Amino acid sequence: MKLDRVIAVRNSKTIYRDGDKCIKVFSEDYSKADVLNEALNQARIEETGLNIPKVLEVTVIDGKWAIVSEYIKGKTLAQLIEENPEKKIEYLNKLVDIQLEIHSKTCPKLNKIKDKMNAKISQADLDATTRYDLHTRLEAMPKHNKVCHGDLNPSNIIIAEDGTPYILDWAHATQGNASSDTARTYLLFWLNGDIEGANAYLEIFCKKSDTPKQYVQKWLPIVAASQSVKGNEKEREFLLSWTDVVDYE
C-alpha cells in the first residue's frame, strides 16, 4: 500500500488514499481495542444496509494499526456548504434525511449509548452533585435501540459523483435514543462556531421527525458532559458550560 496521498489529518490518525482504497493509520499509542472496535462497528453497520464504505482489512503498517476501507470519490457536505453557501439549508435538509435513515435502523450488537454516557459522565471534571443529577436525568430518558452515529456532521458525509450519499467514521456508533445523537450533532455545529447552522439544523430535524425541540434539549447537558472527557482544553471548557441541568430554550 502506498501512503503518499494524504486525504485528512485528525487527532491521533492520518487518512490516506491508495487507488480505490482509503487507509486510516492510527498513532502508535492508539488503543488496539479501540481500532478493532471501530472496524467491528463499521462491519456491523454495513449489515444494516446503510451506504457506508466497506471495511476491507485491518492491518499494521510500520508498527501502527490501520483500517483499510473503500475509497468513495466525491465531496463532503461540509465542502459543498462552503462552495455553495446559498444552498446551506438544502444541504442541512440532506443531513437530516441521512440522519433519520440512520435512526431508522437497529443493530443489536452495538454498545448501548446509555452505558457509554454513564461511564463518561463518571469521568467528567464535574462536582459530585452535578454528576449525580446528570446520571439521574440519563436514567430517566426513554430507552430506545436505534442506531446512533455519535459524530454526525457535514464532514462525515460524502456525496459521490453519482449523487449517492455515503456516511463515514463509525468509531462512536452505539444504539439507543436517537435524540441523544441529534443533541451531539447540534453541539458539533456549536463547536465549529456555526450557531446559526446549529439552530437551523435543529429546527429541520424536529420538524421532519416530529420531535419536540424541548426533548432534544433535555439531552444537551448529558451529551455535553459525556463528550467533555475528550478533546482539547478549549472544547472541554465549552462543553462543561452546557452541563448545568437546566432546560435550554
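Parameters and conventions
- Residues numbered from 1 in each chain as written.
- Predicted model: local features only at pLDDT ≥ 70, side-chain atom pairs only at ≥ 80, totals over all residues.
- Heavy atoms only, no water.
- Pairing = 2+ DSSP bridges.
- Helix = DSSP H or I, 4+ residues; strand = E, 2+ residues; numbered from the N terminus.
- Axes fitted to C-alpha atoms, helices over the stretch in contact; angles between N-to-C directions.
- Contact = heavy atoms within 4.5 Å.
- Buried < 20%, exposed > 50% of the residue type's maximum accessible area, 1.4 Å probe, protein only.
- Core = buried A, V, L, I, M, F, W, Y, C linked by side-chain atoms within 4.5 Å.
- Phe/Tyr/Trp six-rings, centres within 6.5 Å; stacked < 30°, edge-to-face > 60°.
- Polar contact = N/O pair within 3.5 Å; in protein donor to acceptor, adjacent residues only side chain to side chain.

### Digging into the sheet that holds strand β4 (residues 55-61)
The strand order β1-β2-β3-β5-β4 describes an open sheet built from five strands, whose pairing is antiparallel. Edge strands, defined here as strands with exactly one partner in the open sheet, are β1 (6-10) and β4. Neighbour to neighbour, the strand axes of the sheet diverge by 20 degrees on average, direction disregarded. In this structure, β4 lies alongside strand β5 (residues 64-70), joined through six bridges in antiparallel fashion. Across the sheet, V58 pairs through a bridge with I67, a residue of β5. Those strands touched by helix α1 (residues 32-46) are β3 (21-26), β4 and β5, and its axis lies near 15 degrees from that of β5.

### Notes on the pairing of β3
Here β3 lies mainly inside the structure; five of its six residues are buried. Judged from the six bridges that link them, strand β2 (residues 13-18) and β3 form a sheet pairing that is antiparallel. Within the sheet, the bridge partner assigned to D18 lies in β3 and is K21. Here β2 folds back onto β3 in antiparallel fashion, the turn holding two residues, of which G19 has a positive phi close to 65 degrees. Direction of pairing for β3 relative to β5: antiparallel, over a ladder of five bridges.

### Focus on unusual backbone geometry
Glycine aside, residues mostly have negative phi, and peptide bonds are mostly found in the trans state. Of note in this structure, S12 is not a glycine but carries a positive phi near 65 degrees. Looking at where S12 falls in the secondary structure, it is placed in the loop between β1 and β2. Notably, D62 is not glycine yet its phi reads approximately 50 degrees, a positive angle. Summarising the element assignment, D62 is placed in the loop between β4 and β5. Residue D62 is classed as exposed on the basis of its relative accessible area, which comes to 72%.

### So, the nonpolar core
Looking at soluble globular proteins, one finds that nonpolar side chains tend to be buried together. Counting residues in hydrophobic clusters, the biggest one holds 51 residues, and the most contacted among them are L95, I102, I167, W170, W219 and I222. Beyond its immediate chain neighbours, meaning those up to four positions away, I167 contacts L50, N51, I52, P53, I98, I102, H149, L152 and N156. Ranked by size, the runner-up nonpolar core spans six residues in total, among them Y16, I23, V25 and A66.

### Points about the packing of aromatic side chains
In the structure shown here, the tally under the stated rule is eight aromatic pairs. Taken together, a centroid distance of 4.6 Å and an interplanar angle of 40 degrees make the contact between F26 and Y30 tilted. Note on Y30: relative accessible area 23%, which makes it partly exposed.

### Here we look at the side chain of T48
Within the element layout of this structure, T48 appears in the loop between α1 and β4. Here I45 takes part through its backbone oxygen, which lies 2.6 Å from a polar atom of the side chain of T48. Discounting chain neighbours no more than four positions away, the residues touching T48 are K105, T106 and C107.

Spatial relationships are all this shows, so hold off on functional conclusions.
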